[in-house]
Amino acid sequence: MSDHISGPRALAEPIADITDLYAFPSPGNPGSLVLVMNTLPFAPPDGRFSDGLIYRFRLRPLAPGTLAVGAEEFVFDVVFSDQDTAPQTGFCRTPAGDEVTFVVGDPEGGKGAGVRAFAGPRWDPFILDAPAALKTIATGRLAFTDPSQIFLDGKNVLGIVVELDCAHLLGRDASLFGVVGETLTRGRLNVRIERTGRPEVKNLLLAPKQFDPVNRDLEIRDLYNMEDGFHLADGYLGAYRARLNANLAFWDGLDGRTDWPLTDTGDHPLTRLFLADRLVVDIGEPYREHGSFLEIERAALAGREHRTCGGRALNDDCMDTFFTWLINAGNGPVIRDGVDHSSRPASSVFPYLSPANPNPPQPPEHV
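Computed from a predicted model, the values in this text were never measured in an experiment.

Engineer: Help me get a handle on the environment of aspartate 255, residues and values and all.
Structural biologist: Among the secondary structure elements, aspartate 255 is positioned in the loop between helix 6 (237-252) and helix 7 (271-275). Counting along the chain gives 77 residues from aspartate 255 to glycine 332, while the straight-line C-alpha distance between them is 9.5 Å. In this view, aspartate 255 contacts Ile327 and Asn328; residues no more than four positions away in its chain are not counted. Only 3.3 Å separates the side chain of aspartate 255 from the backbone nitrogen of arginine 257, close enough to count as a polar contact.

Next comes the structure, spelled out in structure tokens:
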């Protein structure tokens, strides 16, 4: 799941559906940051990108400790030529206004102006037993088994990779950044269709309605997708907060105890953090594949300095970290979903994502 099919509009327009977002320092190029946005769940091996969309990465500096968002913003936009052209061409525009051109599917990508960009069908790297996660929500009991398997392992996505020279494009004044991925309509009026930060915020923390005493009949994800990931409007903020409070309390109670007592205002301690839905990455720290996901956020809550690059790496089994933090706050055993790695792990060299499966599994009819 992660962000796959994260609302009715994503189901209706899967070409604009962001499945995952990743941000991590380059393993082999110190000083470079890798941004990955995967789209189109169950993409065919010859899938094409929409020429009617902008695929956007947004970065803003964050204050160490508080993770408060700075005013400066760095935007990297990727657009594509007509879907009927063969081969399709991609264009990556940098914050400085430079444009890098590349051929879709070419693993070498395109280079220039401090950027290297790639796009094409690739193996979906997300690691989770999704049916067991949904069964947990439906039954109120942990449904993970060991061993287990990734839901429809071998499915493809349309992947976009942008590797950027941090000193050239982000400056030297900040090393801690928040990262958001978006799809928007392309043209005079750019309407945000999807936006993604951390994995599973929408599908596991906002989608379940049955625990929410305030808005039990409201499908909230499409509203949330339209919001600015760096500045939520006031209109639906109460609805988002109520849904997160209810669902975070559900996950906390699965082990039969409360590891996250409510704040003085009656909120779950993690609600404010998940409302600030972006990946948090420190470009000054070296690449780390395991143990970095959510480490910066955990450090901020604990009032200590972080020790890793944070962000999210392609091969990191981040969902075990996610479930453990939600359920026992790291005070108990690791909560495992029974799968620890992809059957086709990502590479440590550009373009990182594994080649597409030529014979991917077919999605079930109800998806």
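Let us keep going from here.
Engineer: Tell me about the packing of aromatic side chains, residues and numbers included.
Structural biologist: Tallying each qualifying case throughout the model produces 17 aromatic pairs. Ring centres 5.7 Å apart and planes at 85° place the aromatic pair phenylalanine 49 and tyrosine 55 in the edge-to-face group. Taken individually, phenylalanine 49 and tyrosine 55 each receive the classification buried, so the pair is uniform in this respect. Centroid distance phenylalanine 144 to phenylalanine 323: 4.9 Å. Interplanar angle 50°. Geometry classified as tilted. Taken together, the residues phenylalanine 144 in the loop between helix 2 (130-139) and strand 9 (156-165) and phenylalanine 323 in helix 9 (residues 318-328) connect sequence positions 179 residues apart. Here phenylalanine 144 falls in the buried class, since its relative accessible area comes to 15%. A residue is classified by how much of its surface remains accessible, and phenylalanine 323, at 0% relative accessible area, is buried. Counting every residue linked through ring pairs, the aromatic cluster contains Phe144, Phe211, Phe250, Trp251, Phe274, Phe322 and Phe323. The lysine or arginine in question, arginine 195, covers the ring of tyrosine 224, its NZ or CZ lying 3.9 Å from the ring centre.

Conventions and cut-offs
- Residues numbered from 1 in each chain as written.
- Predicted model: local features only at pLDDT ≥ 70, side-chain atom pairs only at ≥ 80, totals over all residues.
- Heavy atoms only, no water.
- Helix = DSSP H or I, 4+ residues; strand = E, 2+ residues; numbered from the N terminus.
- Contact = heavy atoms within 4.5 Å.
- Polar contact = N/O pair within 3.5 Å; in protein donor to acceptor, adjacent residues only side chain to side chain.
- Phe/Tyr/Trp six-rings, centres within 6.5 Å; stacked < 30°, edge-to-face > 60°.
- Buried < 20%, exposed > 50% of the residue type's maximum accessible area, 1.4 Å probe, protein only.
- Lys NZ or Arg CZ within 6 Å of the ring centre and 35° of its normal.

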